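Listed here are the chains, written in short residue letters.
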Amino acid sequence: MGAVRKIKTKRRTRDYDQVRADIDSPKHLTQYKATKDAEDLPGLGKHYCVECSKWFESEYNLVAHTKGKNHKRRLRLLREEPHSQKIAEAAVGLGTDNGLRQQETVVDMED
């Protein structure tokens, strides 16, 4: 039996749907920031990357982060359209039908 991989919650960031809501609505982002105490955050909560939902000690670290591979990967994933129930149903053929289907003509085969 192999080793069991556990999720590390210390470095866990917010999910893509939560980050997308932060980007779309500044109110959502301010509500999230209000739940955190500034004294407990790195850099007293001044340097925050919205896309990655990470706090940084200094402006230098934030700028270095925005040039990095992980930040760029996260931006690429956030640009894609998020998955929805409607898209999932359309993928399996449960989408809406917009009109009548044409009757197919049946051609009899002769021997």
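This is a predicted model, so every value here is computed, not measured. Note that residues are indexed from 1 along each chain, following the sequence as it is written. Whole-chain, interface and lining totals are the exception, using all residues; otherwise, since this is a predicted model, local features are given only for residues with pLDDT of at least 70 and side-chain atom pairs are given and counted only at 80 or more. Here the side-chain values reflect all heavy atoms present in the structure, with hydrogen atoms and water set aside.

Peer 1: So what's going on with the layout of surface pockets? Residues and values would help.
Peer 2: Looking at the largest pocket, its volume works out to about 210 Å³. Around the largest pocket, the lining residues are R11, T13, Y16, C52, K54, H65, N70, H71, R73, R74 and L77. By the criteria applied, helices consist of DSSP H or I runs no shorter than four residues and strands consist of E runs no shorter than two, each listed in order from the N terminus. Residue contributions to the lining of the largest pocket peak at 5 residues, all from helix α4 (residues 69-79). For this scheme, ten residues count as nonpolar: Ala, Val, Leu, Ile, Met, Phe, Trp, Tyr, Cys and Pro. Four count as charged, namely Asp, Glu, Lys and Arg, and the remainder, Gly too, count as polar. Broken down by class, the residue content of the lining of the largest pocket amounts to 3 nonpolar, 4 polar and 4 charged. Looking at the second largest pocket, its volume works out to about 160 Å³. The wall of the second largest pocket is formed by Y16, D17, R20, L77, L78, E80, E81, P82 and H83. Elements supplying a minimum of two residues to the lining of the second largest pocket: α1 (16-24) and α4. Counting residues per element, the lining of the second largest pocket draws most heavily on α1, which supplies 3 residues. Residue composition of the lining of the second largest pocket, grouped by class: 4 nonpolar, 1 polar and 4 charged. Each cavity reported here is a set of points on a 1 Å grid over the protein atoms alone in which a 1.4 Å probe fits but cannot get out, each pocket an open set with protein on both sides within 12 Å along at least five of seven lines, and each lining residue one with an atom within 4 Å of a point. Grid points are joined across faces, edges and corners, and a volume is the space filled by probe spheres set on the points.

Peer 1: Run through the packing of aromatic side chains, naming residues and quoting values.
Peer 2: Stacked, edge-to-face and tilted labels apply to pairs of Phe, Tyr and Trp rings (six-membered ring for Trp) whose centres lie within 6.5 Å, assigned for plane angles under 30 degrees, over 60, and everything in between, in that order. Tallied over the full model, the rule gives 2 aromatic pairs. Centre to centre, the rings of Y48 and W55 are 4.3 Å apart; their planes meet at 40°, and the pair counts as tilted. One exposure class covers both Y48 and W55, and it is buried. What links up through ring pairs into an aromatic cluster is the set Y32, Y48 and W55. Criterion for a charge above a ring: Arg CZ or Lys NZ at most 6 Å from the ring centre, at most 35 degrees from the ring normal. Of note, R14 hangs over the ring of Y32, and the distance from its end group to the ring centre comes to 3.8 Å. Working definition: with a 1.4 Å probe on protein chains only, accessible area under 20% of the residue-type maximum means buried, over 50% means exposed, and in between means partly exposed.

Peer 1: Can you explain the nonpolar core? Please cite residues and give values.
Peer 2: What is meant by a nonpolar core is a set of buried Ala, Val, Leu, Ile, Met, Phe, Trp, Tyr and Cys residues, joined one to another through side-chain atoms within 4.5 Å. Among the nonpolar cores identified, the biggest contains 5 residues, and these are L29, Y32, L41, Y48 and W55. It only takes one pair of heavy atoms within 4.5 Å for two residues to be counted as in contact. Leaving out residues up to four positions away in the same chain, Y32 has contacts with R14 and Y48.

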